[in-house]
Amino acid sequence: MQIHYFTFDLFLDYLKQESIDKACYYKDFFLDVIDIDSRKAENAPFFTPVPIRMEDGGAILCRDGEFTLSCDGKTYTVKKNMILCCRPGSVVSFINSDYCNISIFFHSHQLVQSAHISFKKLIPYYSNLQELICFEVNQEEANTLHHLMKTINTMIRNNEDALFYHESIMSAVYLFFYFLFSCIGEHIKESEEADIDSKDSKFLQTFLELVSNNYTQERSVNFYAQKMHISTKYLCTVIKSASKKTPSQIINQMVIKEIKQLLHYSDLSIQEISFRMNFANQSFLSKYFKRFTGMSPRQYKMSPK
């Protein structure tokens with residue numbers, strides 16, 4: 001099954017055509033959809049089994065019922081008062097649900113940049129965040145998150161010529177993001193307390209941004225050290241201290257994840273994937289992939305999705 005890409009333009013076109021009354025979008029910044037009932041025929045596109053790559057990030061709050069979904073090859077059952085976090089680059093596909101009611105908030109990278117939303121307080125929990133896809137909140141927290149999404153929805157529908165229209169919307173978005181981050185932080189802190197130097201935190205944040213932008217072409221730790229104007233040895237020391245992983249482990253993790261998704265969800269040949277991921281040839285990619293997964297790309301491509 002070929003992967004489809006989730007883009008704001010495509011989704012906005014759909015929302016405009018269908019006139020879904022509980023869906024709101026603001027410029028190209030975000031989509032806010034509340035109380036989506038899986039039993040209603042007009043909501044079918046929200047529950048598609050087609051694999052979708054998320055170009056940007058978002059969160060899905062299950063208000064009632066439950067649903068099963070695949071995210072990056074793993075299956076999750078999301079129940080009432082649980083949140084599913086969708087990272088940029090994740091491949092998501094709906095599996096099934098007898099009934100669920102969900103609210104979703106998908107945001108663009110431009111929103112985070114323009115709103116100056118800071119993730120720095122979550123950087124100390126990087127290792128935990130890599131494993132965090134789905135988690136449960138209490139009823140009060142779930143109600144608050146839904147209320148904030150509903151407030152954003154209402155504000156967008158107000159007269160756009162009103163004084164402080166944009167500022168009101170963005171203030172509500174700030175509240176939503178930071179309350180969501182607080183829920184994530186509390187969930188993580190229950191399992192492990194992090195202690196990280198603020199300077200190390202900044203290095204880790206810069207490194208992660210660089211890797212996210214360059215990993216399909218650059219796998220050399222030395223490349224990233226040069227970009228950060230520090231020695232490779234110092235980069236390794238700081239990143240290991242801050243994330244409990246070496247720079248190579250972080251880079252390889254992203255590369256392998258991308259190769260897996262291309263093998264399962266694209267029509268590209270292994271040779272084409274090797275070119276796209278900047279390997280010298282198919283043989284180099286195969287050896288690299290087998291070293292980390294224990295199987296050849298061809299074996300993985302033929303394995304059940």
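Novice: It is not clear to me how the overall build of the protein chain should be interpreted in this structure. Could you clarify?
Specialist: What the protein chain contains, in helices and strands, is 12 helices and 9 strands. Looking at the protein chain as a whole, 47% of its 305 residues qualify as buried. Residue pairs at least 24 apart in sequence account for 73% of intrachain contacts in the protein chain once pairs closer than 6 positions are excluded. Put simply, the protein chain shows about 16,000 Å² of open surface, and 51% of that area lies on carbon and sulfur atoms.

Novice: I would appreciate a short explanation of empty space enclosed by the protein in the present structure.
Specialist: Sizing a probe to match a water molecule and rolling it over the atoms shows the empty space that remains. Inspection of the entire model under this criterion finds 1 cavity of 30 Å³ or more. Of the pockets and cavities examined, the largest cavity occupies roughly 40 Å³. Considering the residues around the largest cavity, the lining is formed by Ala59, Ile60, Leu61, Ile83, Leu145, Met149, Phe176 and Leu180. Contributing elements (two or more residues each) for the lining of the largest cavity: strand S5 (57-71), helix H4 (139-157) and helix H5 (165-191). Ranked by residue count, the leading element in the lining of the largest cavity is S5, at 3 residues.

Novice: Is there a simple way to think about the nonpolar core in this case?
Specialist: Generally speaking, soluble globular proteins have nonpolar side chains that are buried together. Residues Phe207, Tyr224, Leu235, Val255, Ile259 and Met277 are the most contacted members of the largest nonpolar core, which totals 32 residues. Ignoring any residue separated from it by four or fewer positions in sequence, one finds Leu235 in contact with Phe207, Val221, Tyr224, Ala225, Met228, Ile230 and Pro247. Ranked by size, the runner-up nonpolar core spans 31 residues in total, among them Ile83, Phe135, Ala172 and Ile188.

The rules we used
- Note that residues are indexed from 1 along each chain, following the sequence as it is written.
- For this predicted model, a pLDDT threshold of at least 70 governs which residues receive local features, and a threshold of 80 or more governs which side-chain atom pairs are given and counted, while totals over whole chains, interfaces and linings are taken from all residues.
- Side-chain metrics in this entry use all non-hydrogen atoms of the structure; hydrogen atoms and water are not considered.
- Put simply, DSSP marks the helices as runs of H or I at least four residues long and the strands as runs of E at least two long, and each gets a number from the N terminus on.
- Burial here depends on accessible area, computed with a 1.4 Å probe over protein chains only, as a share of the maximum for the residue type. Under 20% is buried, over 50% is exposed, and the range in between is partly exposed.
- Two residues form a contact once any of their heavy atoms are found within 4.5 Å.
- Note on areas: Shrake-Rupley with a 1.4 Å probe; residue coverage comes only from the protein chains shown.
- Think of a 1 Å grid over the protein atoms and nothing else: a 1.4 Å probe that fits but is trapped marks a cavity, an open set flanked by protein within 12 Å on at least five of seven lines marks a pocket, and residues with an atom within 4 Å of a point count as lining.
- Grid points are joined across faces, edges and corners, and a volume is the space filled by probe spheres set on the points.
- As used here, the term nonpolar core means buried Ala, Val, Leu, Ile, Met, Phe, Trp, Tyr and Cys residues forming a set that is joined through side-chain atoms within 4.5 Å.

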